[in-house]
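# Residue-level structure breakdown
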Amino acid sequence: MKGLQAALHMIYPPQCIACDALVTTDFGLCGSCWRETPFITGLVCDTCGTPLPGEGSGAPVHCDDCLVIARPWTQGRAAMLYGDKARELVLGLKHADRLDLARPAGAWLMRAAEPILRPGMLIAPVPLHWRRLFKRRYNQSAILSAEVARLAKLDHCPDLLQRKRSTGTQDGRNREGRFANVQDAVSLHPRRKMQAEGRHVLLVDDVMTSGATLAACAEACLAGGAAEISILVLTRVAKES
Ligand SMILES: [Zn+2]
Ligand SMILES: [Zn+2]
């Protein structure tokens, strides 16, 4: 296997997943792209994963948003801030068929999720509306949740949730507009109800902005009998303008 990989590397030298520079390992970022990728480290909001200043005492801390917005989930983490290379990676995953990004993204998600993973968790993605799924052919959040489930050795249910109606884009809406737009738009898949019953569900998405979509999904899981919800996102938009 080692020999085969070495031979392949002679023909196809590994490239940076963001810029095509040559790197030493597969599925990695080159040094300069790494520096331009805003990975979240250090103290974070326990509810949404936003980075916070200071060291922290080990007790859970919360950002200003999570103190004022009711979040229907317990804990949340994010791997990166939405910006610079992280934005390019998300857009690549979403629109450019860059499914090769799933592997490094899965590893970054795992690192962020470690403190909030629990035994017996059920991993599920935020759903795409079926019409958009048809156009795009895949749900990028399901690609990410599958990777997390595989790495964490937890159950995965890619169609736990379904969008009842098309919600249109969340872009250009303010926070109130975003929450109103997605309310009641998501429900538990009728055939998956049994699977969610009494479970702690980890919802996975590529981007969290206001948290409206994740809140709608969490509410749907709880209404369908899930015991508790946590959330995990690849990127967190830190502050809404
Ligand atoms: Zn690069
Ligand atoms: Zn927060």
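Reference entry: report on the structure contained in this document.

Each value, and the rule that gives it
Residues numbered from 1 in each chain as written. Chains lettered and ligands numbered in written order. Predicted model: local features only at pLDDT ≥ 70, side-chain atom pairs only at ≥ 80, totals over all residues. Heavy atoms only, no water. Helix = DSSP H or I, 4+ residues; strand = E, 2+ residues; numbered from the N terminus. Rg over C-alpha atoms; globule rule 2.2 N^0.38 Å. Contact = heavy atoms within 4.5 Å. Areas by Shrake-Rupley, 256 points an atom, 1.4 Å probe, with all protein chains shown as cover. Lys, Arg positive; Asp, Glu negative; His and termini not counted. Charge placed at Lys NZ, Arg CZ, Asp CG, Glu CD. Donors = N, O, S within 2.8 Å, 3.2 Å for Na, K, Ca; no water. Tetrahedral: all angles 85-135°; square planar, octahedral: opposite > 155°, others 65-115°. 1 Å grid on protein atoms, 1.4 Å probe; cavity = no way out; pocket = protein on both sides within 12 Å on 5 of 7 lines; lining within 4 Å. Points joined across faces, edges and corners; volume = space filled by probe spheres on them.

## Thoughts on the overall build of the protein chain
Scanning the protein chain from N- to C-terminus turns up 10 helices and seven strands. Rg of the C-alpha trace for the protein chain: 18 Å, near the compact-globule value of 18 Å for 241 residues, within the 12% margin. Viewed in the frame of its principal axes, the protein chain has a C-alpha envelope of about 55 × 45 × 40 Å. Counting contacts in the protein chain only where the partners sit at least 6 residues apart, residues at least 24 apart contribute 72% of the total. When the accessible surface of the protein chain is totalled, it reaches about 12,400 Å², and 54% of it is carbon and sulfur. Taking the 30 positively charged and 24 negatively charged side chains of the protein chain as two groups, their mean positions are separated by 5 Å.

## Structural notes on the coordination of the zinc ion (ligand 1)
The coordination sphere of the zinc ion (ligand 1) contains the protein donors C16 (SG), C19 (SG), C30 (SG) and C33 (SG), at a distance range of 2.3 Å. Given four donor atoms and angles of 106 to 115° at the metal, the environment of the zinc ion (ligand 1) is assigned as tetrahedral.

## Concerning the layout of surface pockets
Of the pockets and cavities examined, the second largest pocket occupies roughly 320 Å³. What lines the second largest pocket is a set of 18 residues, among which G42, V44, R77, A112 and P115 lie closest to the centre. Among the secondary structure elements, those contributing two or more residues to the lining of the second largest pocket are β1 (76–81) and α5 (102–113).

## Some remarks on the coordination of the zinc ion (ligand 2)
Each protein donor to the zinc ion (ligand 2) is listed here as C45 (SG), C48 (SG), C63 (SG) and C66 (SG); together their distances run 2.3 Å. Geometry at the zinc ion (ligand 2) is tetrahedral, judged from the four donor atoms that bind it and their angles of 105 to 115° at the metal. Here the donor residues of the zinc ion (ligand 2) share one chain and are spaced in sequence as C-x2-C-x14-C-x2-C. With C45 in the loop between α2 (31–35) and α3 (64–68) and C66 in helix α3, this residue pair connects regions lying 21 residues apart in the sequence.

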